[in-house]
Every structure is written in structure tokens, then in C-alpha cells.
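Structural overview
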Amino acid sequence: MNDMKTFIQKMPKAELHLHIEGSLEPELMFALARRNKVEIPFATVEEVRDAYHFSNLQDFLDIYYQGMSVLLEEQDFYDLTFAYLSKMYEQNVIHVEIFFDPQGHTSRGVPFATVINGISRALDEGLKKYGITSKLILCFLRHLSEESAFETLEQALPYREKIIAVGLDSSEMGFPPAKFARVFEKAKAEGFLAVAHAGEEGPPEYVYEALDLLKIDRLDHGNRALENDALVKRLAESQIALTVCPLSNYKLAGVKDMRLHPIKRMLDLGLKATVNSDDPSYFGGYVNENYEVITESLDLTRAEILTLARNGFEASFCSADEKQAMIARLEAYGI
Ligand SMILES: Nc1ncnc2[nH]cnc12
Ligand SMILES: [Zn+2]
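Definitions and cut-offs
- Residues numbered from 1 in each chain as written.
- Chains lettered and ligands numbered in written order.
- Predicted model: local features only at pLDDT ≥ 70, side-chain atom pairs only at ≥ 80, totals over all residues.
- Near = placed C-beta within 6 Å.
- Nonpolar A, V, L, I, M, F, W, Y, C, P; charged D, E, K, R; others polar.
- Pairing = 2+ DSSP bridges.
- Helix = DSSP H or I, 4+ residues; strand = E, 2+ residues; numbered from the N terminus.
- Axes fitted to C-alpha atoms, helices over the stretch in contact; angles between N-to-C directions.
- Contact = placed C-beta atoms within 7 Å.
- Buried ≥ 20, exposed ≤ 12 C-beta atoms within 10 Å, placed from the backbone.
- UniProt positions renumbered as here; feature names shortened; annotations may be inferred.
- Right-handed = clockwise from strand over helix to strand, strands pointing away.
- Left-handed = near helix turned anticlockwise from the far one by under 90°.

**Quick word on the site of ligand 1**
- As a structural note, the neighbourhood of ligand 1 is formed by His 19, Gly 22, Leu 57, Tyr 64, Asp 169, Ser 170, His 197, Glu 200, Ser 248, Asp 278 and Asp 279.
- Its residues assigned to classes, the shell around ligand 1 shows two nonpolar, five polar and four charged.

**Brief notes about the sheet that holds strand S5 (residues 193-198)**
- Strand order in the open sheet formed by eight strands is S1-S2-S3-S4-S5-S6-S7-S8, with parallel pairing between adjacent strands. Lying at the two open borders of the sheet, with one neighbouring strand each, are strand S1 (13-19) and strand S8 (272-275). Across the sheet, the axes of successive neighbouring strands diverge by a mean angle of 25°, strand direction being ignored.
- Examined bridge by bridge, strand S2 (residues 93-100) and strand S3 (residues 133-141) share six bridges and lie parallel to one another. Residue pairing for S3: Val 96 is matched across the bridge by Ser 134.
- Packed on one face of the sheet, helix H10 (residues 204-212) meets S5 and strand S6 (218-221) and runs near 175° to S5.

**Quick look at the environment of His 197**
- Considering the arrangement of structural elements, one finds His 197 in strand S5.
- Separated by 58 residues in the primary sequence, His 197 and Cys 139 place their C-alpha atoms 9.6 Å from one another.
- Those residues in contact with His 197 that lie beyond four places of it in its chain are Leu 168, Asp 169, Glu 172, Asp 220 and His 221.

**As for the environment of Lys 162**
- Note that Lys 162 resides in the loop between helix H8 (146-156) and strand S4 (165-169).
- For Lys 162, a count of 16 C-beta atoms within 10 Å puts it in the partly exposed group.
- Measuring from C-alpha to C-alpha, the distance between Lys 162 and Ile 137 comes to 9.0 Å, with 25 residues separating the pair along the chain.
- With near-sequence residues (within four places) excluded, Lys 162 lies in contact with Ile 116, Ser 120 and Leu 136.

**Some details on the UniProt feature "site: Important for catalytic activity" (unreviewed entry) in the chain**
- Within the UniProt annotation, "site: Important for catalytic activity" (unreviewed entry) is assigned to His 221.
- Residues in contact with His 221, not counting those within four places in the same chain, are His 197, Ala 198, Gly 199, Glu 200, Val 244 and Cys 245.

**Here we look at the pairing of S4**
- Among the five residues that make up S4, five are buried, leaving the element largely enclosed by the rest of the structure.
- Relative to S4, S3 runs parallel, the two being bridged by five bridges. Within S4, the residue paired with Phe 140 across the bridge is Leu 168.
- Note that the unit made of S3, H8 and S4 has a crossover that is right-handed.
- Chirality of the crossover, the property in question, places the unit of S4, helix H9 (residues 181-189) and S5 among those that are right-handed.

**So, the UniProt feature "binding site: Zn(2+)" (unreviewed entry) in the chain**
- Annotation from UniProt places "binding site: Zn(2+)" (unreviewed entry) at His 17, His 19, His 197 and Asp 278. In terms of the greatest pairwise C-alpha distance, the residues named above, spread along 262 residues, form a tight cluster of at most 11.7 Å across.
- Owing to 28 C-beta atoms within 10 Å, His 17 belongs among the buried residues under this scheme.
- Apart from residues no more than four positions distant in its own chain, His 17 is found in contact with Asp 220, Thr 243, Cys 245, Asn 276 and Asp 278.
- Within the secondary structure, His 19 sits in strand S1.
- In this structure, His 19 is in contact with Phe 99, Asp 101, Asp 278 and Asp 279, ignoring residues within four places of it in sequence.

**Focus: unusual backbone geometry**
- Look at His 221: it is not a glycine, yet its phi comes out positive at around 75°.
- Its location among the elements puts His 221 in strand S6.
- With a phi close to 55°, Asp 299 is a non-glycine residue in the positive phi region.
- Relative to the helices and strands, Asp 299 resides in the loop between helix H15 (287-298) and helix H16 (302-314).

**Some remarks on the pairing of S1**
- Within S1, seven of the seven residues are buried, leaving the element largely enclosed by the surrounding structure.
- The pairing of S1 with S2 spans five bridges and is classified as parallel. The residue of S2 that forms the bridge with Lys 13 is Val 93.

**Section: the packing of helix H1 (residues 2-10) against H15**
- At a minimum axis distance of 10 Å, the contact between H1 and H15 shows a crossing angle of 145°. By crossing handedness, the relation of H1 to H15 is classed as right-handed. For the pair formed by H1 and H15, the contact residues are Met 4, Lys 5, Ile 8 and Gln 9 on the first element and Asn 288, Tyr 291, Glu 292 and Thr 295 on the second.
- Residues that form the contact of H1 with H15 fall into these classes: three nonpolar, three polar and two charged.

Structure follows, in C-alpha cells:
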């Protein structure tokens with residue numbers, strides 16, 4: 001496994017499913033709580049880590065929304081994002097497409113501008129300092145109203161050149177994609193691409209809705225699509241990519257044993273699966289750790305690992321030329 005670990009570490013990679021607020025490490029949470037004089041219900045970093053045991057998505061989300069309460073100033077969003085990019089540089093991740101949850105901040109009185117300016121200043125710096133390219137995806141919180149999503153889309157319009165796509169996240173069960181069909185229709189008309197979390201906990205019908213009603217360009221998670229053969233066939237034929245998050249699936253109890261993780265089956269079925277970390281601070285691993293755990297549990301070959309990495313570049317929202325350049329770097333590495 002050690003040489004596989006080195007192979008994964010050195011391989012050029014992309015990350016396409018990362019909630020920037022989910023990269024808030026306990027150490028930074030404490031530093032920002034102190035800097036901003038925000039009370040948090042933990043006395044030590046260890047206490048925070050001890051609280052990270054979840055039996056489902058909602059369990060996690062309650063702690064995730066509480067954690068982001070320390071983010072108040074533009075510099076906080078900069079520090080959060082730059083810390084993530086520094087980690088990605090160490091891991092040989094050369095391209096990232098990151099989600100942010102504006103409603104998690106505007107609902108606390110933090111202006112949209114503060115959030116996006118802090119994040120995008122760090123992304124610019126990440127390109128200058130590390131050569132990491134990036135795209136930003138605005139997610140609507142699906143447990144909130146359609147009206148709130150429309151308001152958020154309006155707030156985003158002055159920043160449209162900084163945002164490549166809209167997405168849909170938060171509590172899945174009981175909040176089907178159909179609820180946001182009109183918001184996505186408007187976003188697409190404004191020129192944004194679209195992604196949505198679907199089939200993480202929700203049924204295959206939610207994946208169908210994301211495809212047919214939200215007209216998504218990429219599917220976040222999609223694990224439960226495997227329950228429906230016709231849906232698998234459609235995903236395979238269209239080659240719409242799935243942004244799979246192995247450690248997240250394990251920590252949120254969707255997958256009880258990593259040896260049963262479906263990502264290898266997805267590849268065998270011809271699905272365009274990619275490897276991502278979701279909320280690395282909460283789930284115990286960044287991109288490399290996600291590759292490592294599936295490689296070890298599922299006995300993946302180098303060829304399968306390279307396919308997953310190639311899928312990440314192909315499924316990115318970069319131009320054809322940019323994709324080709326990244327794939328060339330991977331091919332040079334994999335030979
Ligand atoms: N895994 C996840 N699913 C849905 N919403 C999220 N927000 C942050 N992480 C999420
Ligand atoms: Zn996610």
C-alpha cells in the first residue's frame with residue numbers, strides 16, 4: 001500500500017465536490033472564535049473533534065451550520081479558503097471547483113459581498129502562489145424556501161463572472177429538487193451551469209428530478225442511482241459525471257463498510273465517477289485520503305486510480321483546452 005500511497009500523493013488531481021465551509025478545521029474555528037469574540041460550545045480542539053460523530057446527514061449539518069458561525073469578516077473567508085488551497089497544494093491537487101453556502105451566512109447578517117470577496121481573493125492568491133486553478137459554485141440550501149433561493153440568485157448576479165454554476169445542498173430527504181425547478185431555470189437562463197446533490201440519502205426519483213427539472217450538468221453524490229437500472233443506463237450513456245465522496249459516505253453512514261463502497265461498481269458500470277472530499281475537516285480526510293481509503297478497501301489498480309483522476313479533469317467546468325492540458329499532465333505522470 002505504501003507505494004500506492006505515494007502514487008496517489010504525487011498524481012495530479014482535481015477536486016469537484018468541496019464545501020468550503022466544510023474545510024474549517026477546529027484550530028481555525030477556535031482562532032476565528034477568539035478573533036471575532038464568538039462563543040462556541042467547545043473548550044478545546046479535542047472536544048470539537050470528539051463531537052464529529054454522525055449517524056446521518058442531518059446530524060452532521062447541525063454541527064456544520066453551528067461551526068460556520070465563527071465566519072464573519074471578509075478576512076475570515078479568505079483565511080478559510082487559503083488554508084484549504086495550501087492543503088491542496090501539498091496534495092498535488094491542481095484544479096478545484098468549490099461550493100459555498102451564502103444563505104448560511106446572509107441568514108446571520110453577513111453580507112453576500114463579504115463572503116464572495118473573501119473567497120475569491122483567496123482563489124486569486126491560490127492561482128498566483130500555487131498555480132491552482134479554480135471555479136466557484138453557489139449552492140442553494142434546500143431546506144430553505146424557493147423565495148430565499150431566488151433572493152440569493154439576485155444577490156449573485158453582480159458577481160456572475162466569479163461564479164460558474166449553481167448547486168443544491170443541505171438536508172435531502174423531504175426536499176426534492178422539484179422545489180427549485182424555477183430557480184434553476186432562471187439561473188440557467190442567466191448563463192450559470194447547474195449541479196445538485198441527489199441520491200446521497202434521497203431516492204433515485206430525486207436524481208431523475210435533478211436531471212429532468214434542474215437540467216444539471218453534473219451530479220453530486222448519486223450513490224442511490226445504483227438502485228435503478230434504467231437510471232444507471234441513462235447516466236452511463238450521457239456520461240454525466242458523479243462527484244463521489246467516499247469518506248463522507250462512510251461518516252454519514254450511507255456506506256457501513258468501506259469494502260462495500262460503490263465507486264468501483266460505478267466504474268464497472270461505465271459511470272463517470274470522480275473522487276472528492278465533501279467536508280474534509282468533518283469527515284477526516286482530504287482528496288488523497290479519499291483516494292487511499294477506496295484503493296485499500298476495494299483493491300483498486302493503478303489504471304482505475306488514473307481513470308478516476310482523468311474523470312475529475314474531464315468532468316470539470318474548464319474549457320476543452322484547459323482540460324486537455326490537465327489530462328496531458330496526468331498522462332505524463334501515469335506512463
Ligand atoms: N454532504 C452534504 N450533503 C448535503 N449538504 C451538504 N452541505 C455540506 N455538506 C453536505
Ligand atoms: Zn456535498
